[in-house]
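Residue-level listing of the chains:
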Amino acid sequence: MNDDTQNNAPSESYPLLSKIKGASDLRELSQEQLETLAQEIRDRLINVTSVNGGHLGPNLGVVELSIALHLVFNTPQDQFVFDTSHQGYVHKLLTGRNGPEFDGIRSSKGLSGFLSRDESDHDAFGAGHAGTALSAALGMATARDATGSDDHVVAVCGDAAFTCGITMEALNNVAESTKRLVIILNDNEWSIAKNVGAISKYLNELITNPIYNRLHHDFGSFLKNVPGGDSLVKLGKKAERGWKSMVVPSSLFEKFGVRYLGPIDGHDLPLVTRYLEFARESHEPVIVHVVTKKGKGYKPAIDFPERFHGTSPFAIESGKSNGSAKPTPPNYQDVFGKAMVKFAKADTKKVAITGAMPSGTGLIHLSNEVPEQFYDVGIAEEHAVLFAAGMATRGLRPVCAIYSTFLQRAFDQIIHDVCLQKLPVVFCMDRAGLSPNDGATHHGLFDISYLRMVPNLITMQPKDEDELVDMMQTAFDQDLPAFIRYPRGAGEGVTIKDEPKPLTIGKAEILSDGSDIVIWALGPMIKDALALKKKIEAEDGLSVGVINARFIKPLDTELLLAQAKQCRLLVTMEDGIRTGGFGSLVAETLSDEDVTTPLVRIGWPDEFVGHGDSVSDLRARHGLAPEDMLANIRAKLKTVDV
Ligand SMILES: Cc1ncc(C[n+]2csc(CCOP(=O)(O)OP(=O)(O)O)c2C)c(N)n1
Ligand SMILES: CC(=O)[C@@H](O)[C@H](O)COP(=O)(O)O
Ligand SMILES: [Mg+2]
């Protein structure tokens with residue numbers, strides 16, 4: 001597929017790509033063969049992600065860049081650090097991972113969708129959260145200098161990575177830390193949504209400013225037209241740079257002591273290669289600004305860059321998702337987003353903030369319908385939370401819609417700025433629980449534990465999408481920081497009331513009574529609890545109660561203790577890590593009251609959970625399949641007199 005307009009199915013054969021085991025194989029190819037290889041890589045990316053889903057758009061945009069990187073540098077001796085590393089598929093293909101493991105990327109049988117040190121020596125640094133590459137690469141370069149090595153370190157950063165605070169913290173430190181660091185700014189003007197903020201506008205100026213471009217590129221010929229300029233040209237590059245800095249506004253990067261090269265066409269393989277060769281020999285930190293097109297080579301991905309940033313499986317010919325256009329039941333993110341629209345329309349003080357993820361959080365609905373109450377602050381979760389805290393001091397009711405895993409970035413802001421000052425910020429944490437295909441960097445398994453220890457907050461989890469809206473109302477009706485956690489994907493298919501009904505803070509819901517065993521479950525685990533009840537009552541002849549815990553903090557201690565004193569066995573079930581989780585809270589509560597009722601805590605073990613095909617697949621692989629949970633309960637029953 002040679003241009004962006006054709007839509008026919010990509011080739012299924014990859015004669016050149018199948019011969020590439022490493023950089024040396026690349027260097028044997030002619031320029032023409034390299035262009036053919038680029039096409040084969042695009043075909044492979046499209047074919048595999050059409051089945052598995054994945055980050056097709058970002059990877060199509062870095063095909064030439066990745067080839068050039070491996071032509072010029074030698075991994076693993078030289079080290080590449082990809083920011084977020086969702087755009088690392090091409091790097092994987094070029095470093096010996098083009099077999100069945102690539103066909104299964106992001107699934108149980110295949111590669112991670114991100115770089116991982118455990119996966120390959122060519123993956124110098126793992127990632128999944130944005131904004132880490134420059135900092136880590138700077139650490140590597142500084143360590144290299146300190147140990148007298150002479151390999152190269154290259155940070156590959158997207159334009160939106162520069163909206164991250166950590167990236168700017170690292171940029172501030174580059175010139176003082178090392179003389180040799182190559183930074184690639186892969187500028188496609190997109191984050192997941194369109195990139196935002198002053199940095200994005202500035203980068204766009206660099207790309208579009210004709211003066212800067214022409215002068216910057218062709219300063220030598222410019223000098224020839226200036227009296228005395230000729231003699232300066234003879235003085236060579238150093239003089240040129242001196243002159244240029246007077247005539248051409250030096251870039252922000254040069255102000256930070258980093259030599260700026262570009263902007264160049266990131267799809268012109270020979271040009272990118274030449275610039276990387278120059279950067280490799282540079283004796284000062286250098287940033288190469290490459291301009292790329294997200295989705296290059298596949299028209300649907302170019303036309304819909306946000307959808308193809310991280311796509312679900314799709315039909316190649318049409319680009320249409322294989323899933324139903326309108327997922328039934330609706331995804332939690334859309335229930336949240338539409339409810340937020342209603343709340344915002346009813347009260348101008350209710351606003352919502354995203355960190356560069358309007359679609360994923362569902363705030364796209366608010367952005368479309370009530371844009372004046374919608375804020376996208378870029379990939380800047382720490383700022384998002386502080387920004388909300390500031391808003392709350394002025395009477396606004398801000399909602400931070402940030403995935404559970406990405407909210408980890410703002411843990412200090414939660415403690416130090418929001419809860420210590422009791423500011424009524426509402427946090428809607430989607431992707432609480434598993435994000436199966438994304439894996440360890442994206443599962444939301446820690447928020448119950450990391451929030452439990454913070455005073456002055458409320459944490460709750462709904463049993464279904466109707467209760468999510470009730471919990472939003474509950475959060476708005478009180479004045480403490482409030483956190484609502486809910487899973488990735490579809491709800492339970494219940495009807496959502498027109499008018500939400502606020503809940504009584506700290507009160508759980510008895511779904512069914514039981515005198516032998518009582519199960520306290522959170523969110524999607526309630527379904528599993530009801531299934532266990534049915535099985536145990538039918539097969540073990542015991543009576544099982546099920547409680548929708550609803551509130552993690554404050555826990556419904558009154559009901560818990562009353563039930564613990566009359567039942568034989570308590571069980572907790574949470575889609576979070578067991579360590580310090582909901583079950584730990586229940587155990588501590590029983591212990592504080594000297595209640596000795598035996599307790600089984602069902603949750604994720606104290607380990608990182610990798611990527612997999614689905615929630616049930618990962619549960620089965622980590623001893624959390626329904627039969628495992630039943631066996632766990634039965635094993636405990638043997639030790640108590642029931
Ligand atoms: C801390 C954090 N917040 C949000 C995300 C979600 N996310 C993944 S990639 C991405 C956009 C990255 O844009 P850019 O760096 O420009 O790379 P591109 O996809 O354009 O190649 C975002 C917001 C994340 N991975 N990490
Ligand atoms: C790379 C990244 O962090 C995002 O693209 C993330 O993969 C989105 O996850 P969802 O698909 O769950 O929105
Ligand atoms: Mg980008």
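As recorded in an unreviewed UniProt entry, the protein chain goes by 1-deoxy-D-xylulose-5-phosphate synthase and comes from Pelagicoccus mobilis. Looking at the Function (unreviewed entry) heading of the UniProt record, one finds this comment for the protein chain: "Catalyzes the acyloin condensation reaction between C atoms 2 and 3 of pyruvate and glyceraldehyde 3-phosphate to yield 1-deoxy-D-xylulose-5-phosphate (DXP)." Heading Catalytic activity (unreviewed entry) of the UniProt record for the protein chain holds this comment: "D-glyceraldehyde 3-phosphate + pyruvate + H(+) = 1-deoxy-D-xylulose 5-phosphate + CO2".

Novice: Explain the packing of helix H4 (residues 63-72) against helix H15 (residues 269-280) to me, and be specific about the residues and the numbers.
Specialist: At their nearest, the axes of H4 and H15 sit 9 Å apart, and the two run at 45° to each other. One way to sum up the angle between H4 and H15 is to call them oblique. Crossing hand, H4 versus H15: right-handed. Every residue of H15 that contacts H4 at Glu64, Leu65, Ile67, Ala68, Leu69, Leu71 and Val72 is listed here: Leu269, Val272, Thr273, Leu276, Glu277 and Arg280. Partitioned by chemical class, the residues of the contact of H4 with H15 number nine nonpolar, one polar and three charged.

Novice: Report on the pattern of salt bridges, specifying residues and quantitative values.
Specialist: On inspection of all chains with the given rule, the structure shows 31 salt bridges. A salt bridge links Lys194 to Glu189; the shortest N-O distance between them is 3.8 Å. Assessed through its relative accessible area of 43%, Lys194 is described here as partly exposed. For Glu189, a relative accessible area of 29% puts it in the partly exposed group. With its nearest N and O atoms 2.5 Å apart, the salt bridge here joins Arg485 to Asp447. Pair noted here: Arg485 is in strand S11 (residues 482-485) and Asp447 is in helix H23 (residues 447-452), with a separation of 38 residues, a long-range link. Taken as a pair, Arg485 and Asp447 share a single burial class, namely buried. Sharing partners across several salt bridges, the network here consists of Lys92, Arg97, Glu119 and Asp123.

Cut-off values and rules
Within each chain, residues carry numbers counting from 1 in the order of the written sequence. As they are written, the chains are lettered A onward and the ligands numbered 1 onward, keeping that order. Note on the predicted model: pLDDT of at least 70 is required for a residue's local features to be given, and 80 or more for side-chain atom pairs to be given and counted; whole-chain, interface and lining totals, by contrast, use all residues. Side-chain measures were taken over the full set of non-hydrogen atoms in the model, leaving aside hydrogen atoms and water. UniProt positions are given in the numbering used here, feature names are shortened, and annotations may be inferred rather than shown by experiment. Axis definition: a line fit to C-alpha positions, over the contact stretch in the case of helices; interaxial angles, taken between N-to-C directions, run 0 to 180 degrees. By definition, any uninterrupted DSSP run of H or I lasting at least four residues is a helix, any uninterrupted run of E lasting at least two residues is a strand, and each is numbered from the N terminus. Working rule for angles: under 35 degrees goes down as roughly parallel, over 145 as roughly antiparallel, 65 to 115 as roughly perpendicular, anything else as oblique. Crossings are classed by handedness, with left-handed meaning an anticlockwise turn of the near helix from the far one by less than a right angle and right-handed meaning a clockwise turn. The contact definition used throughout considers only heavy atoms, calling two residues in contact when any of these lie within 4.5 Å. The residue classification treats Ala, Val, Leu, Ile, Met, Phe, Trp, Tyr, Cys and Pro as nonpolar and Asp, Glu, Lys and Arg as charged. All others, Gly included, are polar. Salt bridges are identified by distance alone: a Lys or Arg side-chain nitrogen within 4 Å of an Asp or Glu carboxyl oxygen. Only protein chains enter the accessibility calculation, which uses a 1.4 Å probe; a residue is then buried when its area is under 20% of its type maximum, exposed when over 50%, and partly exposed in between.

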